[in-house]
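For reference, the chains in residue letters:
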Amino acid sequence: MPKVVYVSTQGDEHVVEAAAGDTVMSAAVRNGVPGIIGECGGNNSCATCHVWVRADFAERAGGPGDLEDDLLDLGVEDRRATSRLGCQIEVTEDLDGLVVEVPPSQA
Ligand code: FES
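Attention here is on the structure that accompanies the text. (Residues numbered from 1 in each chain as written. Predicted model: local features only at pLDDT ≥ 70, side-chain atom pairs only at ≥ 80, totals over all residues.)

Points about the nonpolar core
Move 1: Membership of the largest hydrophobic core comes to 24 residues, with the highest contact counts inside it found for Val4, Val24 and Ala28.
Move 2: Elements with a minimum of two residues in this core: strand 1 (3-7), helix 1 (24-30), strand 3 (50-53) and strand 5 (98-101).
Move 3: Ignoring sequence-local partners within four residues, the contact set of valine 4 consists of Val16, Ala18, Val24, Ala27, Val91, Leu98 and Val100. (Core = buried A, V, L, I, M, F, W, Y, C linked by C-beta atoms within 7 Å. Buried ≥ 20, exposed ≤ 12 C-beta atoms within 10 Å, placed from the backbone. Helix = DSSP H or I, 4+ residues; strand = E, 2+ residues; numbered from the N terminus. Contact = placed C-beta atoms within 7 Å.)

Right, dumping it as structure tokens:
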């Protein structure tokens, strides 16, 4: 199964093995990764799953959809070019080893 690496503001790494159908948010929540809350359950409406995708994975992870883009604009204070909502990134084999950073505002 693909692995996802979550990096905290302090540089701590949490390596999680994703299950089939997982998103970056659901894999984090199930494994207790700090800072990824997933309050709305993945419905693209809370932004408590905000992550910064590491640059070398940005192209493979893709950009946000329209609704996600709006929520990133309105719902997070530290948006970057590689900001995504974790619940909107499905973890596939192609994303094995994906590295995302958890913004300090969620720590
Ligand atoms: S879990 Fe709510 S927007 Fe991602």
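Overview of the pairing of strand 3
Move 1: With three bridges connecting them, strand 3 and strand 4 (residues 83-85) associate as antiparallel partners. Its bridge partner being in strand 4, tryptophan 52 is matched across the sheet by serine 83.
Move 2: Two elements, strand 3 and strand 5, share two bridges in a ladder whose sense is antiparallel. When the sheet's bridge partners are listed, valine 53 is paired in strand 5 with valine 100. (Pairing = 2+ DSSP bridges.)

Here's the deal with the environment of glutamate 59
Move 1: Inspection of the secondary structure puts glutamate 59 in helix 2 (residues 55-61).
Move 2: A residue is classified by how many C-beta atoms lie within 10 Å of it, and glutamate 59, with 9 of them, is exposed.
Move 3: Residues glutamate 59 and aspartate 22 lie 37 residues apart in sequence; the distance between their C-alpha atoms is 19 Å.

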